[in-house]
Amino acid sequence: MTDLAVDVGRCLLANPVMPASGTFSEALADAIDLDRLGALVAKTVMPEKRAGNALPRVAETPMGMLNSIGIPCKGPEAFVQHTIPAFKRYRPPFVASISAGTVRGFADLAAQVVAGGADVVEANISCPNLEADGHAFAVSPKATARVVQALRAATDAPLWAKLSPNAPNIAEVAMAAEAAGADAVVVANTILGMAIDVERRRTRLGAGMGGLSGPAIKPIVLRMTYQCVRAVRIPVIGCGGIATAADALEFLIAGARAVQVGTATFRHPTTMIRILDDLDAWCRERGIARITDVIGTLEPFETPQLEAAEDLAAE
Amino acid sequence: MLHQEPLPSTHDASIGRRVGEHLCVVRSNSAVNADYRLMRLSAPAGALAAEPGQFFHILCPATADGTPFLRRPMSVYHVDVAGEAIGFLYKVHGAGTRVLDALQPGATLDVLGPLGRGFTLDAAWRRIVLVGRGVGLATLAPLAVRAAAAGVGVTAVLSVRRPDLVMSVDLLSRCGADVHVVHDADGSSDVAAVGRLITQLLDQHPADAVFTCGSSRLLTLLQGIAKARGLYGEVALEQQMACGLSMCFCCVRAFKVGDEVEHRRVCWEGPVFDLQEALP
């Protein structure tokens, strides 16, 4: 067996594979053994009860899907009373994904979920910032710094900031999160997109626009993960279109400490277990004892002929 | 059966779990009438545990025209435990079902399930009434089979656009069901006419519970009749789904609970719900 353990900041995980927020619930225990996962990540909780967006909430696209679920949520009390205990029955650390429209809302909610037993706080900062004309916190390094600072002051628990691929420069946002005290960044949330039913001349999502996920976005998010890895010292968790061990390895080689699997679980609920088994087999076949020996091992591209040609030209 | 047929199996990671990712083998896939097709699959043990009203989430294979990205939910039409087979009745109306339509015997199909909460059946009941419209009949048919096996009488009202599109009459008759077909061509499927028919049937053969699927107008009608007579009732609902396992919250519908309106997931709290709480 390969040693799959990785540390994500102060958090030691048995392996680098965990679900992405919003694509996971305790019900997945009906299909797989949750104790095999690196961590358990709940759907985002917000300070107020919310019904969610108008239907339809999903639309399939080539190799992906759009969603505009709108974070339906029963509020922090129900989360602390029911959701946290349900997940704490399992071995892996429990990651509470939180979101709010204000900096204060984020900070209070973080304190609440940590007091309730959450092992890690993942700040979903892709939601609209009500104090900044509804622009998502995560599109601006300044707004990200403000919210992460407040979260850092509110809790000593490990704090992960989930960044948005819709930011103009995601590496700058990652640096702002690091400077403000985040233990890790998750790269990234869904990419804003849209689809239209041409016969009905209506958007395919009730909310008009929504987040694109699935294999279609993997190359974009892999690039962003690599950019963030180069920009910060804190761990980067890759999340975007990962469906196979080969996908996960791409992110790990690019320097991600761990990966989150989301939409792939909708197609195959066994995806995360398959990835773990295949990661182990891949490492064993190559005599790699520890998965950490794979992380950040991207080789520079060698172009000997080109270099030789340059040498000749220089002479 | 073909000797070369691949054996159905369950993905290792989900063996022994309530919900399995099963690889089933198509035994037959043919038209039952102008609108509907019946697909029978060889299925492993985990899939044969399906209860009437539960569904499977089917991964439509890739074709030259593309890959339907999301699975398609389909209620189980029949479960043949001895014959190790499950069956689905479906209508071709989109990218997913077009792919299913083209599947030949021997093809394998990734089928996730059984999923959701099925129908209630109390063996102490004397009779139940089933009221289905269109493909809703496919969802109700296995309940009739289960009721007959439990010695519970069945009255079935089948509503269709045209008489030639009716399904399951033979199956229901074999179960000893009292079957009544209504259709649009002669107006017998008008809500008022169906209401009179059900009232008359209930007067003749009193029932303990009513079940419906396939029409929100029939749902509203049956809610009224069941309420007036104090009958227990359930409705099987449909909704577009992504995960099928309660995780994504895309398949919610509204329900009336006391004075509150509550959203519930068709895949998880359903697809079978209390008749009176469902909002059409």
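Conventions used here
- Residues numbered from 1 in each chain as written.
- Chains lettered and ligands numbered in written order.
- Predicted model: local features only at pLDDT ≥ 70, side-chain atom pairs only at ≥ 80, totals over all residues.
- Heavy atoms only, no water.
- Buried < 20%, exposed > 50% of the residue type's maximum accessible area, 1.4 Å probe, protein only.
- Helix = DSSP H or I, 4+ residues; strand = E, 2+ residues; numbered from the N terminus.
- Pairing = 2+ DSSP bridges.
- Contact = heavy atoms within 4.5 Å.
- Buried area = accessible area lost by both parts, 1.4 Å probe.
- Salt bridge = Lys/Arg side-chain N within 4 Å of Asp/Glu carboxyl O.
- Polar contact = N/O pair within 3.5 Å; in protein donor to acceptor, adjacent residues only side chain to side chain.
- Patch = residues over 30% accessible without salt bridge, like charges linked within 9 Å, V, L, I, M, F, W, Y side chains within 5 Å.
- Areas by Shrake-Rupley, 256 points an atom, 1.4 Å probe, with all protein chains shown as cover.
- Core = buried A, V, L, I, M, F, W, Y, C linked by side-chain atoms within 4.5 Å.
- Expected span 1.5 Å × (residues − 1).
- Axes fitted to C-alpha atoms, helices over the stretch in contact; angles between N-to-C directions.
- pLDDT = per-residue confidence, 0-100.

Remarks on the pairing of strand 15 (residues 236-239) of chain A
Residue and element names in this part refer to chain A.
Part 1: What you see with strand 15 is no split at all: Val236 and Gly238 on one side and Ile237 and Cys239 on the other are buried throughout.
Part 2: Both strand 15 and strand 16 (residues 258-261) contribute to a ladder of three bridges, which runs parallel. When the bridges of strand 16 are listed, Gly238 appears paired with Val259.

Let's talk about the interface of chain A and chain B
Part 1: Contacts between chain A and chain B engage 35 residues on the former and 29 residues on the latter.
Part 2: Summed over both partners, the interface of chain A with chain B buries about 2800 Å², with 62% contributed by carbon and sulfur atoms.
Part 3: At the surface where chain A touches chain B, the tally comes to three salt bridges.
Part 4: The salt bridge partner of Glu21 of chain B is Arg274 of chain A, with a shortest N-O separation of 2.7 Å.
Part 5: Here chain A and chain B share 18 residue pairs in polar contact (both at pLDDT 80 or more) between them.
Part 6: Elements that contribute at least two residues to the side of chain A that touches chain B include exactly strand 5 (58-61), strand 6 (64-67), helix 7 (263-267) and helix 8 (271-285) of chain A.

Quick notes on a nonpolar patch on the surface
Part 1: A contiguous nonpolar surface patch, about 530 Å² in accessible area, is contributed by Leu192, Met194, Ile196, Val198 and Met209 of chain A.
Part 2: Examined against the element boundaries, Met194 of chain A turns out to sit in strand 11 (residues 191-194).

Section: the nonpolar core
Part 1: Core analysis: the biggest nonpolar cluster contains 144 residues, and Phe106, Val113, Leu163 and Val187 of chain A have the highest contact counts within it.
Part 2: Other than its neighbours up to four places away in sequence, Val113 of chain A contacts Val45, Phe79, Ile84, Ala96, Ile98, Ala118 and Val121 of chain A.
Part 3: Among the nonpolar cores identified, the runner-up in size contains 28 residues, and Leu140, Ala141, Leu171 and Ala209 of chain B belong to it.

With respect to helix 4 (residues 191-204) of chain B
Residues and elements named next belong to chain B.
Part 1: Along its 14 residues, helix 4 runs 20 Å from first to last C-alpha, staying within 8% of the 20 Å computed at 1.5 Å per residue.
Part 2: Among all positions of helix 4, only Ala193, Val194, Gly195, Leu197, Ile198, Leu201 and Leu202 are buried.
Part 3: Next to the buried residues of helix 4 lie strand 9 (127-133), strand 10 (153-160), strand 11 (178-183) and helix 5 (216-229).

Some remarks on the sheet that holds strand 11 of chain B
Residue and element names in this part refer to chain B.
Part 1: A sheet is described by the order of its strands in space; here six strands give the open sequence 11-10-9-12-13-16, paired in mixed fashion. The sheet terminates laterally at strand 11 and strand 16 (272-274), the two strands that pair on one side only. The mean inter-strand angle of the sheet, taken between neighbouring strand axes irrespective of direction, is 20 degrees.
Part 2: Judged from the six bridges that link them, strand 10 and strand 11 form a sheet pairing that is parallel. Following the sheet pairing, Leu158 is matched in strand 11 by Val181.

Structural notes on the environment of Leu112 of chain B
Part 1: Examined against the element boundaries, Leu112 of chain B turns out to sit in strand 8 (residues 108-115).
Part 2: Residue Leu112 of chain B is classed as buried on the basis of its relative accessible area of 0%.
Part 3: C-alpha of Leu112 of chain B to C-alpha of Gly151 of chain B: the two residues are 39 residues apart in sequence and 31 Å apart in space.
Part 4: Excluding residues that lie within four positions of it along the chain, Leu112 of chain B makes contacts with Pro269 of chain A together with Val19, Gly20, Glu21, Phe55, Phe56, His57, Arg71, Cys243 and Leu245 of chain B.

Comments concerning unusual backbone geometry
Peptide bonds are mostly trans, and most non-glycine residues show a negative phi.
Part 1: Going from Val187 of chain A to Ala188 of chain A, the amide bond is cis rather than trans, its omega being 10 degrees.
Part 2: Tracing the backbone shows Ala188 of chain A in the loop between strand 10 (184-187) and strand 11.
Part 3: The step from Gly113 of chain B to Pro114 of chain B runs through a cis peptide bond, and the omega angle for that step is -5 degrees.
Part 4: Summarising the element assignment, Pro114 of chain B is placed in strand 8.
Part 5: Here the phi dihedral of Ile71 of chain A falls at roughly 45 degrees; this positive angle occurs in a residue that is not glycine.
Part 6: Mapping Ile71 of chain A onto the fold places it in the loop between strand 6 and helix 1 (76-88).
Part 7: Relative accessible area serves as the criterion here: at 18%, Ile71 of chain A is assigned to the buried category.
Part 8: Of note in the backbone geometry, Arg201 of chain A takes a positive phi value of approximately 50 degrees without being a glycine.

Observations regarding the sheet that holds strand 3 (residues 17-19) of chain A
Residues and elements named next belong to chain A.
Part 1: If you walk across this open sheet you meet the eight strands as 3-16-15-10-9-8-7-4, and the pairing is parallel. Unpaired on one side and paired on the other, strand 3 and strand 4 (40-41) mark the two borders of the sheet.
Part 2: By the bridge criterion, two bridges tie strand 4 to strand 7 (residues 94-98) in an arrangement that is parallel. Within strand 7, the position partnered with Val41 by the bridge is Val95.
Part 3: Helix 8 rests against strand 3 and strand 16 of the sheet, and its axis sits at about 175 degrees to strand 3.

Quick look at the confidence of the model for chain B
Part 1: Model confidence for chain B is summarised by a mean pLDDT of 94, while 98% of its residues fall at 70 or above.
Part 2: Reported confidence for the predicted complex is 0.93 by ipTM and 0.94 by pTM.

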